[in-house]
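So the chains spell out like this:
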Amino acid sequence: MEKELKHIELFAGCGGMSLGLESAGFDLFFANELSPMAGETFSYNINDESLLDNKLPKKTLWIKSQFKDNKLNNRLRENPNEARDGLYSDLDKATDLYGKLLIGDVNQLLNFLIDNPSFTEKIRRNEIDLLSGGPPCQSFSLAGKREKDNFKNTLPLSFAKIAGLLQPKTILLENVKGIVSPFSSNGEKYYAWLEVSKAFALEGYVPVCMMLNSKYFGVAQNRPRFILIAYREDIFNTIHDANESKCIQLKNSQDFYNKTKKYADQLNLITKDDLNLYDLEANPDLFDGNILPKITHFERDFIASSEAIGDIRRTKISYKVDQTKGKYANYLNEVFPSEKKGVSEIQNHEPRRHNFQTKSRFRFYQVIEQFQNGLKKGAIDLFTGKKVEFDLRMRLLGEFSNYSLLFKDPKTSREIFMIPENIREVEELVKSIPTKKHSQRALKEFEPAPAQLTIPDDLCHYDSEQPRTLTVREMARFQSFPDWFVFKSKVTTGGRMRSFEVPQYTQVGNAVPPLLARALGMALKKQLLHIKNG
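The sections below set out a description of the structure shown in this document. (Residues numbered from 1 in each chain as written. Predicted model: local features only at pLDDT ≥ 70, side-chain atom pairs only at ≥ 80, totals over all residues. Heavy atoms only, no water.)

1. Digging into the overall build of the protein chain
Note the following rule: Helical segments are the DSSP runs of H or I of at least four residues, strand segments are the runs of E of at least two, and each set is numbered from the N terminus. Note that the radius of gyration is over C-alpha atoms, with the globule rule given as 2.2 Å times the number of residues to the power 0.38. Note on classification: 1.4 Å probe, protein chains only; a residue is buried when its accessible area is under 20% of the maximum for its type, exposed when over 50%, partly exposed between these limits.
For the protein chain, the helix and strand inventory stands at 19 helices and 15 strands. A globule of 534 residues ought to have a C-alpha radius of gyration of about 24 Å, and the protein chain, at 25 Å, matches this closely. The principal-axis extents of the C-alpha atoms in the protein chain amount to approximately 80 × 55 × 45 Å. Counting every position in the protein chain, which comprises 534 residues, the buried fraction comes to 55%.

2. Describing the pairing of strand β9 (residues 205–213)
Cut-off, in case you're wondering: The pairing criterion is simple: DSSP has to find at least two bridges between the two strands.
Most of β9 sits inside the fold, with nine of its nine residues counted as buried. Of the two faces of β9, the one holding Y205, P207, C209, M211 and N213 and the one holding V206, V208, M210 and L212 are both buried throughout. Sheet topology places β9 next to strand β10 (residues 224–232); nine bridges connect them, and they run antiparallel. Along β10, the bridge assignment pairs C209 with L228. Bridging between β9 and strand β11 (residues 277–279) involves three bridges; their strand directions are parallel. Looking across to β11, one finds that M211 is bridged to D279.

3. Some details on the packing of helix α5 (residues 106–115) against helix α7 (residues 155–166)
The line we're drawing: Convention adopted: a line fitted to C-alpha atoms gives each axis, helices being fitted over their contacting stretch, and angles between N-to-C directions are expressed from 0 to 180 degrees. The labels follow the angle: roughly parallel below 35 degrees, roughly antiparallel above 145, roughly perpendicular from 65 to 115, and oblique for the rest. Crossings are sorted by hand: turned counterclockwise from the far helix by less than a right angle, the near helix makes the crossing left-handed, and turned clockwise it makes it right-handed. Only heavy atoms enter the contact rule, under which two residues are in contact if any of them lie within 4.5 Å.
Two elements in contact, α5 and α7, have axes whose closest approach is 10 Å; the angle formed by their N-to-C orientations is 30 degrees. As judged from the angle between their axes, α5 and α7 are roughly parallel. The hand of the α5/α7 crossing is left-handed. Where α5 abuts α7, its residues V106, N107, L109, L110, L113 and I114 lie against L155, S158, K161, I162, L165 and L166.

4. With respect to the packing of aromatic side chains
Which entries qualify depends on this criterion: The pairing test for Phe, Tyr and Trp rings, Trp by its six-membered ring, is centres within 6.5 Å, and the orientation test on the planes gives stacked under 30 degrees, edge-to-face over 60, and tilted for anything in between.
Taken as a whole and assessed by the stated rule, the structure comprises 19 aromatic pairs. Centroid distance F29 to Y98: 6.0 Å. Interplanar angle 70 degrees. Geometry classified as edge-to-face. Taken as a pair, F29 in strand β2 (residues 26–33) and Y98 in the loop between α4 (80–83) and β4 (100–103) lie far apart in primary sequence, 69 residues in all. The partly exposed category is assigned to Y98, whose relative accessible area is 42%.

5. A closer look at the nonpolar core
Put simply, the rule reads: Among the buried residues, those of types Ala, Val, Leu, Ile, Met, Phe, Trp, Tyr and Cys that are joined through side-chain atoms within 4.5 Å form a nonpolar core.
If you look at the biggest cluster of nonpolar residues, it comprises 87 residues, and the most contacted ones within it are I123 and F200. When neighbours within four sequence positions are excluded, F200 is seen to be in contact with F159, A160, A163, I171, L173, Y205 and L228. W62, L76, Y462 and L470 belong to the second largest nonpolar core, which has 43 residues in total.

6. Regarding the sheet that holds β4
The nine strands are arranged β3-β4-β2-β1-β5-β6-β10-β9-β11 in an open sheet whose pairing can be described as mixed. Of all the strands in the sheet, just β3 (60–62) and β11 have a single pairing partner and so form its edges. Adjacent strand axes in the sheet meet at a mean angle of 20 degrees when their direction is disregarded. Summarising the sheet, strand β1 (residues 5–9) and strand β5 (residues 130–133) pair through three bridges and their orientation is parallel. The residue of β5 that forms the bridge with I8 is L131. Packed onto the sheet, helix α1 (residues 16–24) meets β1, β2, β5 and β6 (170–176) and runs at close to 175 degrees relative to β1.

If you want it as C-alpha cells, here you go:
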C-alpha cells in the first residue's frame, strides 16, 4: 500500500499502534519508547532491524544511556530510570530521525526539542499528519497530581507540549477505561480524560473523545478503551465546514475548545458537562467512519476465543505462519502482511510449566465457567472455603457430575481426570489446590477474551485438555497481532525488576490492538486525504 500520510508515535510500546496505522496508510516518521525491552520488539518487527546481531543499529537510537553505543546488550537490559542520568546519547542536531526509533524518556525528548528550535522546525516543515500514543493518564490533572512523586503524571502534558512544538495535523491518544473515572487531588475531584482534553486544547487542538470496545472492530477481546482524537484548529475548521450538517460531535468540541481558550487561567470553570464523551455502546449510530471510527463487527459476529486460538491450542506442535486452519489468524496475516521473506514457524508459543495444583485449579476454573443460574458463585464460595448450604451443595454436585476434574491418584500419584462421585470429593480437591489469587479465571470458548492482562497466570485456556495459562502467541492473537510478529526479550519477569522491565507478556498486554489502530487510522486517513486532495 502506498503510504501518503506521515505519523510520529510516542509511547510506542512493542508496535501495535504503528502496525495498525501502517496498514491504514501512514508512514512512520519516527517513534519513541521508554523501554529498551519493548523497543527491541518494535525494532525487529516495525523497522526490520535485529538488535542482537552484534553490530551498531542504524534505525534504533538511544536518547540517553549509561553505556556506549557498542555496549548494545547492556543498553537492552538497562533500567530506563537510571538511563536518564546516562552520559551517552545518539541524538544530536544533525540526527536524521526519519524511520528511527528513539529509546528513552519522552521528557528528555521534549527538552531536546525545546533546546534545539532549528531541529524542531525541520521536523515541523515535514507537515506531520498524525501524532499518536498512549501515555499513562489516570492520575493526570493540570491543577495537581494525585501522586506527587509519580513522574507518569507529567506524561500527558509532555505529549501535549510535543504536539504544540511539532504542530501535527491530528492527535490520536489511547488509554484504559479507568481514565474516565474521577479521582481526588487536594480535596478536589478531577476527570483525567477531561484534563487531557484541556491540555491539548491549550496547545491549539480541538478534541473529540469517545469510549469504545475493541471487539466492535474485529479484535477477539472484550477490551474497553478511551480514545481522544484532536485536530489542529485550522484542520478542525476545514473538517467542520465540510461536515457541519452531519457530525453533531464537532459543534460540541468547538464550544469546548473556545471555552478552554477563553478561560485558560480559570480551567476549573470547565467541567465534564462541557465536553461530550461518546460511548459506542450507547450511541453506535455515531460510529460511522465520518468522524468516529466505523464499526466493523456487531454482537452476532464478535470473534470468539475458539476462533482466535483454537487452531494452535496444542503447544507441542510446530505451526507455520499462513498455514494454520484459523480463518481469524489468516485474516490478520492478510491485513498486516509481512515484508520478511519465506514461510517461518510461529514463535512465542512455548507453554509455561505448571505443577499439579496449578493445573487442577485451572481445570476447576474451566468447569465452573460453564455453570449457570448462580451456581458459579456457589462453586467459588466452595473453593474459597465459605459456608455453602446443603441445597446448593446438592445442586453443585449435579453440575460437577457433568464434568471431569483433575485429581491425583493417592496410590500411584498419577494425575487423572475423573468425574467426582460426591461433593466431599470436590471439597477435598479444592482444599489441596489453594491460591491467594482471586482474579484467576478461564476463557469462555464462545465469547471474546476478557480485557487483556499483563500477568500471564490470571487467565487460563478454555480447552479441557489444556489446563494452562495462555502462551505469548495466544495472547497476541487476542490482541490481533499477526502470526509473523515476533516478541523479543524476556518472556516474563518478577520481583523488583517488575517495576521497570517490560517482558513479552507485558508488551502484548500493554499494546494497542493493531486492528483497532487500523480502524482509527482509516477514519483519520479519510478526513486528512479529503483535505489534502481538495
